[in-house]
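Given next are the chains, with one letter for each unit.
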Amino acid sequence: MGVVVTLVPLTVATLVAHRILRMNPIIICGALAGAMTVDAAITGCCERADSQTPVLGVAVPYAVGNVAADDSRPPSS
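Here is a short report on the structure shown in this document. These numbers were taken from a predicted model, which means no experiment stands behind them.

**What about a nonpolar patch on the surface?**
Then, number 1: The grouping of V4, V8, V12, V16, I20 and L21 at the surface amounts to a nonpolar patch, some 530 Å² of accessible area in total.
Then, number 2: Within the fold, V16 resides in helix α1 (residues 2-20).
Then, number 3: Given a relative accessible area of 35%, V16 falls into the partly exposed group.

Structure follows, in structure tokens:
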């Protein structure tokens, strides 16, 4: 179940961004890394692209991902 919850949103987001929105694949890579809030993935995207371009797609998905992760935790007692 965890694999489905992880892969389906990323796959759908990739297809929508690339096929419908016609976004640059390098920026899509950065956006997906930001959405998963994984700093190492962002670094890997930049190394693979030999540029800092993937960072352009990180800001908003990273912020939304952090807020969503924080809101999903149960309140502390």
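Continuing now.
**Some thoughts on the state of the cysteines**
Then, number 1: Following the criterion strictly, the structure yields one disulfide and no others.
Then, number 2: Shown here is the disulfide that connects C29 with C45, its sulfur atoms set 2.4 Å apart. The sign of the -70° torsion about the S-S bond sets the C29-C45 disulfide as left-handed. Of this pair, C29 sits in helix α2 (residues 25-35) while C45 sits in helix α3 (residues 39-49), and the two are 16 residues apart along the sequence.
Then, number 3: Using a relative accessible area of 10% as the deciding quantity, one classes C45 as buried.
Then, number 4: Cysteine C46 is unpaired, with the sulfur of C45 as its nearest cysteine sulfur at 6.8 Å.
Then, number 5: With a relative accessible area of 9%, C46 lands in the buried category.

**With respect to the environment of I27**
Then, number 1: When you line up the elements, I27 lands in helix α2.
Then, number 2: Since its relative accessible area comes to 22%, I27 is described here as partly exposed.
Then, number 3: In the structure, I27 is positioned 27 residues away from P54 in sequence and 4.6 Å away in space, judged by C-alpha atoms.
Then, number 4: Those residues in contact with I27 that sit more than four places away from it in its chain are T53, L56 and G57.

**Some remarks on unusual backbone geometry**
Then, number 1: Its identity is not glycine, yet T37 carries a phi of approximately 50°, on the positive side.
Then, number 2: In this structure, T37 sits in the loop between α2 and α3.
Then, number 3: Phi at D50 takes a positive value of approximately 55°, unusual for a residue other than glycine.
Then, number 4: Looking at the secondary structure, you find D50 in the loop between α3 and α4 (59-71).

Reading the values: rules and limits
Residues numbered from 1 in each chain as written. Predicted model: local features only at pLDDT ≥ 70, side-chain atom pairs only at ≥ 80, totals over all residues. Heavy atoms only, no water. Patch = residues over 30% accessible without salt bridge, like charges linked within 9 Å, V, L, I, M, F, W, Y side chains within 5 Å. Areas by Shrake-Rupley, 256 points an atom, 1.4 Å probe, with all protein chains shown as cover. Salt bridge = Lys/Arg side-chain N within 4 Å of Asp/Glu carboxyl O. Helix = DSSP H or I, 4+ residues; strand = E, 2+ residues; numbered from the N terminus. Buried < 20%, exposed > 50% of the residue type's maximum accessible area, 1.4 Å probe, protein only. Disulfide = S-S within 2.5 Å. Contact = heavy atoms within 4.5 Å.

That's the geometry; what it means functionally is another story.
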